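So you can see what is in the structure, the chains are spelled out below.
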Amino acid sequence: MDYRNAGVDIEAGYKSVELMKEHIKKTMRPEVLTGIGGFSGAFSMEKFKAMEKPTLVSGTDGVGTKLKLAFLMDRHDTVGIDCVAMCVNDIACAGGEPLFFLDYIACGKNYPEKIAAIVSGVAEGCAQAGAALIGGETAEMPGFYPEDEYDLAGFAVGIVDEKELITGGDLAPGDVLVGMASSGVHSNGFSLVRRVFDMTKESLETYYDELGGTLGETLLAPTKIYVKALRSVKEAGVRIHACSHITGGGFYENVPRMLKEGVKAVIEKNSYPVPPIFPLMAAKGQIEEKMMYNTYNMGIGMVMAVKPGDVDKTMEAVRAAGETPYVIGRIEAGEKGVELC
C-alpha cells in the first residue's frame, strides 16, 4: 500500500506545479522575494515605507457554485479570474492597492493540465489587478470531492495609506453615485441560476439571440476586476467618498455597507442598461424584481460616491481604464439604506 493507492498522486502534484509556473511568472512584482515551491511567499514592504501610516487591507473569497458550470462545460481557465476579482475588488473599494494573492484548490483527483488551466485564470486575474501570485496550495482529497470536481478560493493582501482609506465618513447629501458596468452575473447567486436554468450541456450550449451567445458563455463570463479603474480615479485627483462592491445580496445588502448614519442612497434603475441575462432569468424563473436587485448586481459591479464637481473627472478616468461608467443616482439625507426608483 502507498499514497497513490490511497488516491493521492504525488507525481501529479509535482507536474501541476511545473505546468503552472509559466502562468505565475507574468504576475511577478519587484517586491516578491521568493520563488514558487517554497513553504511561504515573501513580499518586501520597503517600497511603502514613505507612506505616513501604511495600512494593510485584505480580502478572501471563493467562486461558489459557479464552478458547477465550469465542470459541465469542461472550461477551467476563467474561474480563477473570478476568484481573484472577488478578493481584490474588496481591497480596491477600500482604497487599497492589491499586492499579492494566494490560491487554494481542493480536488478529488489532481489532473495536472486542469490544475494548470485553473491557475492560468488566477494568474490572469492577478495580472489584471497588478498583484503577484506568490503562493498557493493544491490539495488532492479523494473520497471527499468527486474525481472531476474541485473547489477554488483565494486570499489577497493590499496596502493603503490610512488617510486614503475609503470609509464613507466623507459622504454628504448631494454626492453623486457613479456605477461601473459588470460583465454579467459575476460570481454570486449561482445557486438560484442553477434552479432557473437546466444545468445540462445541451442547455448551456443553447444560443440566445438576446444574449448574443450561448447561455453557458454568458454565465461563465468572468467577474470584472475594477482595480485599475479605481486607481485611475484616484490618480485623476478625485477623492472617492464611499465605494461598494456589488456582490451577493445585490444592491439592497451591499450599497448600505458604504453609507454612514443619516444618509441614504437613491439609485435610478433606468439610468443604465441592464444586461439581457437578468431579465431572461427573471422571466424564466418568475423572480420578482426586488429579489433580482437583492441577489444580483443587475449590471453594476462597483458603485462610487463622489462630489458633484468630480463627476466628469471620475467618468473620464473610468473610461481611460477601459471600464464603462454611468451616473446612477445620488446621496440624500435620510435613514441609512438604499432606495431604488
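See the structure above.
Residues numbered from 1 in each chain as written. Predicted model: local features only at pLDDT ≥ 70, side-chain atom pairs only at ≥ 80, totals over all residues. Heavy atoms only, no water.

(A) Main features of unusual backbone geometry. Look at H186: it is not a glycine, yet its phi comes out positive at around 60°. With respect to the secondary-structure elements, H186 resides in the loop between β5 (176-181) and α5 (190-196). Judged by relative accessible area, which is 2%, H186 ranks as buried. (Helix = DSSP H or I, 4+ residues; strand = E, 2+ residues; numbered from the N terminus. Buried < 20%, exposed > 50% of the residue type's maximum accessible area, 1.4 Å probe, protein only.)

(B) Fine view of the environment of A117. Relative to the elements of secondary structure, A117 occurs in helix α4 (residues 112-129). We classify A117 as partly exposed; its relative accessible area is 22%. Considered as a pair, A117 and V32 are 85 residues apart in the sequence and their alpha carbons are 23 Å apart. For A117, the contacting residues outside a window of four places in its chain are H76 and D77. (Contact = heavy atoms within 4.5 Å.)

(C) How the structure looks around the environment of E323. Residue placement: E323 occurs in the loop between α12 (311-320) and β11 (325-333). Sequence separation between E323 and K228 is 95 residues, and the spatial gap between their C-alpha atoms is 9.2 Å. Beyond its immediate chain neighbours, meaning those up to four positions away, E323 contacts M180, K224, I225, Y226, A229 and V318. There is a polar contact of 3.2 Å between the side chain of E323 and the side chain of K224. (Polar contact = N/O pair within 3.5 Å; in protein donor to acceptor, adjacent residues only side chain to side chain.)

(D) Just empty space enclosed by the protein, in detail. The full count for this structure, using the stated rule, is 1 cavity of 30 Å³ or more. If you add up the space inside the largest cavity, you get close to 30 Å³. Lining the largest cavity are C107, K109, Y111, K114, I115, E147, D148, E149 and Y150. Residue composition of the lining of the largest cavity, by class: 4 nonpolar, no polar and 5 charged. (1 Å grid on protein atoms, 1.4 Å probe; cavity = no way out; pocket = protein on both sides within 12 Å on 5 of 7 lines; lining within 4 Å. Points joined across faces, edges and corners; volume = space filled by probe spheres on them. Nonpolar A, V, L, I, M, F, W, Y, C, P; charged D, E, K, R; others polar.)

(E) Inspection of the nonpolar core at higher detail. Core analysis: the largest hydrophobic core is formed by 52 residues, its most contacted members being F101, Y150, L230 and M304. No other element matches helix α3 (residues 79-92), which puts 9 residues into this core. Those residues in contact with M304 that sit more than four places away from it in its chain are V176, L177, V178, M180, L230, V233, I240, A242, C243, T314 and V318. (Core = buried A, V, L, I, M, F, W, Y, C linked by side-chain atoms within 4.5 Å.)

(F) Representation of helix α10 (residues 277-285) within the structure. If you check which residues of α10 are buried, you get I277, F278, L280, M281 and A282. Q286 sits one or two residues past α10 and shows a positive phi near 50°.

(G) Just the pattern of salt bridges, in detail. Enumeration according to the criterion identifies 20 salt bridges in this entry. Note that E164 is salt-bridged to K234, the shortest N-O span being 2.7 Å. Residue E164 is located in the loop between β4 (150-161) and β5, and its partner K234 is located in helix α8 (residues 227-235); the two are separated by 70 residues in the primary sequence. You can call E164 partly exposed: its relative accessible area is 30%. Since its relative accessible area comes to 42%, K234 is described here as partly exposed. In the salt-bridge network here, residues are joined through shared partners; they are R29, E31, K47 and E97. (Salt bridge = Lys/Arg side-chain N within 4 Å of Asp/Glu carboxyl O.)

(H) Just the layout of surface pockets, in detail. Taken as a whole, the second largest pocket spans an internal volume of roughly 340 Å³. Around the second largest pocket, the lining comprises 17 residues; the ones closest to its centre are G95, G96, E164, L230 and K234. Those elements that provide at least two residues to the lining of the second largest pocket are β4 and α8. Here the residues of the lining of the second largest pocket sort into 9 nonpolar, 2 polar and 6 charged.

(I) Broad picture of the packing of aromatic side chains. Overall, the coordinates contain 6 aromatic pairs when judged by the stated rule. Measuring from centroid to centroid gives 5.2 Å for F144 and Y145, while their planes differ by 65°, and the two rings are edge-to-face. Judged by centre distance (6.2 Å) and plane angle (45°), the rings of Y272 and Y326 are tilted. Note that Y272 is positioned in the loop between β9 (263-267) and α10 and Y326 in strand β11, a separation of 54 residues in sequence. Assessed through its relative accessible area of 6%, Y272 is described here as buried. The lysine or arginine in question, K109, covers the ring of Y111, its NZ or CZ lying 5.8 Å from the ring centre. When the ring centre of Y293 is taken as origin, the NZ or CZ atom of K269, which lies over that ring, is 5.9 Å away. (Phe/Tyr/Trp six-rings, centres within 6.5 Å; stacked < 30°, edge-to-face > 60°. Lys NZ or Arg CZ within 6 Å of the ring centre and 35° of its normal.)

(J) Expanded view of the sheet that holds strand β10 (residues 300-306). Spatially, β8-β10-β5-β11-β9-β12 is the arrangement adopted by the 6 strands of the open sheet, whose pairing is mixed. Two strands in the sheet have a free side with no partner beyond their single neighbour: β8 (242-245) and β12 (337-340). Strand-to-strand twist of the sheet, defined as the mean angle between neighbouring strand axes without regard to direction, takes the value 25°. In this fold α8 packs onto β5, β8 and β10, with an angle of close to 15° to the strand it touches most, β10. Strand contacts of α12: β5, β10 and β11, with the helix running at about 145° to β11, the strand carrying the most contacts. (Pairing = 2+ DSSP bridges. Axes fitted to C-alpha atoms, helices over the stretch in contact; angles between N-to-C directions.)

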